[in-house]
Amino acid sequence: MTHQTTRRRLLAVPAALGAATLGGPGFAQTPPADRTLTIGIGGSVTSLDPHFYNASPNNSLSMHIFDFLVQRDAAARPQPGLAESWRPVGDTVWEFKLRSGVKWHDGRDFTADDVAFTVERAPNVPNSPGGFGGFVRAITRTEVVDPLTIRFHTAAPHPLLPTELASVAVISRHAGQGASTEDYNSGKAAIGTGPYRLVSYRPGDRTELVRNDAYWGGAEPWARVSYRFIANDSARTAALLAGDVDLIDQVPSSDLERLRRDNRAVLHEIQGLRLIYLVMDFSRDGSVPFVTDHAGQPLPRNPFRDIRVRQALSMAINREALTRQVMEGTAQPTGQWLPPGSYSYNPEVRPTAFNADRARQLLAEAGYPQGFRLTLHGPNDRYPNDARTIQAVAQMWTRIGVQTQVDAQPWAAFSPRNARQEYAIRLVGWGSVTGEASYLLVNILGTFDQAKRTGASNNGRYSNPELDALTARAVATLDDGQRERLLQDAVKMAMNDQGIIPLFQLVNIWATRRGLTYDARADERTLAMSVRPATMR
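Residues numbered from 1 in each chain as written. Predicted model: local features only at pLDDT ≥ 70, side-chain atom pairs only at ≥ 80, totals over all residues. Heavy atoms only, no water.

Enquirer: Just to check I follow, could you spell out the overall build of the protein for this structure?
Expert: Along the backbone of the protein there are 15 helices and 23 strands. Against the compact-globule benchmark of 24 Å for 537 residues, the protein has a radius of gyration of 23 Å, which places it among compact chains. Summarising its shape, the C-alpha atoms of the protein cover approximately 70 × 55 × 40 Å along the three principal directions. Scored against the burial criterion, the 537 residues of the protein give a buried share of 60%. Contacts in the protein between residues at least 24 apart in sequence constitute 71% of all its contacts with a sequence separation of at least 6. Per element, the accessible surface of the protein, about 19600 Å² overall, is 47% carbon and sulfur. Here the protein carries 59 positive and 54 negative side-chain charges, and the mean point of each set is 2 Å from the other. (Helix = DSSP H or I, 4+ residues; strand = E, 2+ residues; numbered from the N terminus. Rg over C-alpha atoms; globule rule 2.2 N^0.38 Å. Buried < 20%, exposed > 50% of the residue type's maximum accessible area, 1.4 Å probe, protein only. Contact = heavy atoms within 4.5 Å. Areas by Shrake-Rupley, 256 points an atom, 1.4 Å probe, with all protein chains shown as cover. Lys, Arg positive; Asp, Glu negative; His and termini not counted. Charge placed at Lys NZ, Arg CZ, Asp CG, Glu CD.)

Shown next as structure tokens:
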């Protein structure tokens, strides 16, 4: 069995995820050799360390500099990367054959020893607010067979290992040994095998890249890439229309119709894998920060530990109104974390029906007949309409007696505080880039356990041992159909327990200036490698 085996229904992403590109004629010729591509992104990059924080803006940027054993195409299907092929050589051993002739940016050879170092470092980055340990949790031993062959030993059968390794950037031992996150941010350790080399990184502003002409996959058409953070939605659109940038992501929903009519721009859309949801605090039994009674006194116990409160908060949210009025048709209401048609999507799990009267009744049954007060936190520059979404949810909760204030913050300030459990309840997002349910089950709903490398991004500290056991059983099941049924059961269990409150799934939209195409990606990565002159498509 080679990498092709993993492309079966195991990781199937629905056909609806095929990209739609809207626009007219393109360039008459390929770009000149010295052309700079300028990209405006809406999400802040917080580090160049590819193992520091599993967040989409960070991952998007790192994909320019670093490569992966297994790559994903625009529909999230696995493809050969630094590994040319992979196969199980036993129930608990995977063997990967590595690509020959690959060079690091400093000219040194890429070998299996670098992969072994990567697996060792990825789960052990100090101060990581949400790292990559979950992707290598199954590996008990790494065996370097020869410079271009590596084997991973697991405690139990683990058919998803190639899929999971597609999320771990490969770094070099010679640059990374003893290197800190700051060494990557300074550029000292940011030496990859990817299609671009780092020139400079200015946090909160931009990253400058130059083409790697020796790239094993062939040189890119863009000689330089300027990767800029433009937090303000209107400013991103204005920069595109003014010709200051060539591509923007997170296209504001309020600008979509205008851009469709403007002959200077082209839209590129795909149904995404990103869930926008609410995380409650489960880390405390007693009082919770930002939750009080109506007199402003802390509650004696954590209300989120009562499932009736969790159900009431979910039931008070009108998801149809959110997607129609706030998201303006760029999202779909959901009761789980994968789009219909995906492997392990459970059709029995529907979005919670809006019912304010029943929500009030549940609060009363839980001992809060008059409700209580809380603050809903969230970012204001990370997801499309994130600040507007939490404002709308706050109004809905206030109507059932849960008087809700809103605190929307820049992502760079919000994310570390979220990771430290400083908030009572907050809005976040998660992109299931593997196209199946275990990615979220392990990293978001799995009990936080550094030794087992589960719950790496479980910032609410939800814990359900029964769900953990079902997840572990599912991911060790070799038969695709049986594994899917177990994952569907896990989806249902998690949502019945309201471990998180799903709101909606995003449609991913990019805009380019006319004459360029963008291969819209289900994993929402914004990549220079996906941009081409229209005649090169």
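Enquirer: Looking at this structure, how should I read the packing of helix α8 (residues 307-315) against helix α10 (residues 356-365)?
Expert: Packed helices, taken two at a time, are described by the angle between their axes plus the distance between the axes. Following both chains from N to C, one finds α8 and α10 inclined at 160°, their axes separated by 8 Å at the closest point. Accordingly, the angle class assigned to the pair α8 and α10 is roughly antiparallel. Of the two possible hands of crossing, α8 and α10 adopt the one that is left-handed. When α8 is examined against α10, the residues Arg308, Val309, Gln311, Ala312 and Met315 are found in contact with a partner set consisting of Ala356, Arg358, Ala359, Leu362, Leu363 and Glu365. (Axes fitted to C-alpha atoms, helices over the stretch in contact; angles between N-to-C directions. Parallel < 35°, antiparallel > 145°, perpendicular 65-115°, else oblique. Left-handed = near helix turned anticlockwise from the far one by under 90°.)

Enquirer: Looking at this model, I keep getting lost on the sheet that holds strand β8 (residues 139-146). Mind explaining?
Expert: Hydrogen bonds between backbone groups are what pair the strands of a sheet, and the pairing can be parallel or antiparallel. In spatial order, the strands read β6-β7-β9-β8; together these four strands make up an open sheet with antiparallel pairing. If you trace the sheet from one side to the other, it starts and ends with β6 (83-90) and β8, each paired once. Between one strand and the next, the sheet's axes are offset by a mean angle of 20°, whatever the strand orientation. Across six bridges, β6 lies against strand β7 (residues 93-98) in antiparallel orientation. Within β7, the position partnered with Trp86 by the bridge is Phe96. (Pairing = 2+ DSSP bridges.)

Enquirer: Sorry if this is basic, but what is going on with the nonpolar core here?
Expert: Leu69, Phe96, Trp337 and Trp397 are the most contacted members of the largest nonpolar core, which totals 107 residues. It is helix α15 (residues 480-496) that provides the largest number of residues to this core, a total of seven residues. Trp337 has contacts with Leu273, Leu275, Ser432, Ala437, Leu440, Leu441, Leu445, Val491, Ala494, Met495 and Gln505, leaving out every residue within four places of it along the chain. If you look at the next biggest cluster of nonpolar residues, it comprises 37 residues, including Ile41, Ala179, Ala190 and Ile270. (Core = buried A, V, L, I, M, F, W, Y, C linked by side-chain atoms within 4.5 Å.)

Enquirer: Mind showing me how you'd approach the environment of Trp104 here?
Expert: Its place among the elements puts Trp104 in the loop between β7 and α2 (112-121). Spatially, the C-alpha atom of Trp104 lies 40 Å from that of Ala331, the residues being 227 residues apart in sequence. Excluding its chain neighbours within four sequence positions, the residues that come into contact with Trp104 are Asp109, Phe110, Asp114, Val170, Ile171, Ser172, His174, Ile191, Gly192 and Thr193.

Enquirer: I tried to follow unusual backbone geometry on my own but got confused; where do I start?
Expert: In most cases, non-glycine residues show a negative phi, while peptide bonds are predominantly trans. One non-glycine residue, Arg453, lies in the positive phi region at around 60°. Inspection of the secondary structure assignment puts Arg453 in the loop between α13 (438-443) and α14 (465-475). The class for Arg453 is partly exposed, based on a relative accessible area of 25%. We note that Glu524 has phi near 60°; this positive angle belongs to a residue other than glycine. Relative to the helices and strands, Glu524 resides in the loop between β22 (516-518) and β23 (531-533). On the accessibility criterion, Glu524 (14% relative accessible area) is buried.

Enquirer: Help me out: how do you make sense of the side chain of Glu269 in this one?
Expert: Counting through the fold element by element, Glu269 comes out in strand β15 (residues 265-280). Side chain to side chain, Glu269 and Arg260 meet in a polar contact 2.6 Å long. (Polar contact = N/O pair within 3.5 Å; in protein donor to acceptor, adjacent residues only side chain to side chain.)

Enquirer: I'm lost on the pattern of salt bridges in this one. Help?
Expert: The final tally for this structure, using the stated rule, is 33 salt bridges. With its nearest N and O atoms 2.8 Å apart, the salt bridge here joins Arg77 to Asp73. Its salt-bridge partner being Asp262, residue Arg264 comes within 2.7 Å of it at the nearest N-O pair. Taking the relative accessible area as the measure of exposure, Arg264 reaches 43% and is therefore partly exposed. When salt bridges that share partners are traced, they join Arg35, Asp246 and Arg513 into one network. (Salt bridge = Lys/Arg side-chain N within 4 Å of Asp/Glu carboxyl O.)

Enquirer: Whenever I open this one, the packing of aromatic side chains confuses me. Can you help?
Expert: Both the distance between ring centres and the angle between the ring planes are used here to describe each pair of aromatic rings. Applying the stated criterion across every chain yields a total of 16 aromatic pairs. With a centroid separation of 5.8 Å and an interplanar angle of 35°, the aromatic rings of Trp411 and Phe414 are classed as tilted. One end of the pair is Trp411 and the other is Phe414, both in helix α12 (residues 411-419) and three residues apart, which spans about a single turn. A single burial state applies to Trp411 and to Phe414, both of which are buried. (Phe/Tyr/Trp six-rings, centres within 6.5 Å; stacked < 30°, edge-to-face > 60°.)

Enquirer: Mind showing me how you'd approach empty space enclosed by the protein here?
Expert: A probe as big as a water molecule, rolled over the atoms, marks out the empty space that is left. In this structure the tally under the stated criterion is five cavities of 30 Å³ or more. If you add up the space inside the largest cavity, you get close to 330 Å³. Surrounding the largest cavity, 33 residues form its lining, Asn54, Gly429, Trp430, Ile444 and Ser457 being those nearest its centre. Going through the elements one at a time, α1 (56-65), β15, α12 and β20 (425-431) are the ones with two or more residues in the lining of the largest cavity. When residues of the lining of the largest cavity are assigned to their parent elements, the largest contribution, five residues, is made by β20. (1 Å grid on protein atoms, 1.4 Å probe; cavity = no way out; pocket = protein on both sides within 12 Å on 5 of 7 lines; lining within 4 Å. Points joined across faces, edges and corners; volume = space filled by probe spheres on them.)

Enquirer: When you look at the packing of helix α9 (residues 319-326) against helix α11 (residues 386-398) in this model, what are you seeing that I'm missing?
Expert: The N-to-C vectors of α9 and α11 enclose an angle of 140°; their axes lie 11 Å apart at closest approach. Crossing geometry of α9 relative to α11 is assigned as right-handed. Residues Ala321, Leu322, Gln325 and Val326 of α9 touch α11, and the partners they reach there are Arg388, Thr389, Ala392, Val393 and Met396. Taken together, the residues of the contact of α9 with α11 break down into six nonpolar, two polar and one charged. (Nonpolar A, V, L, I, M, F, W, Y, C, P; charged D, E, K, R; others polar.)

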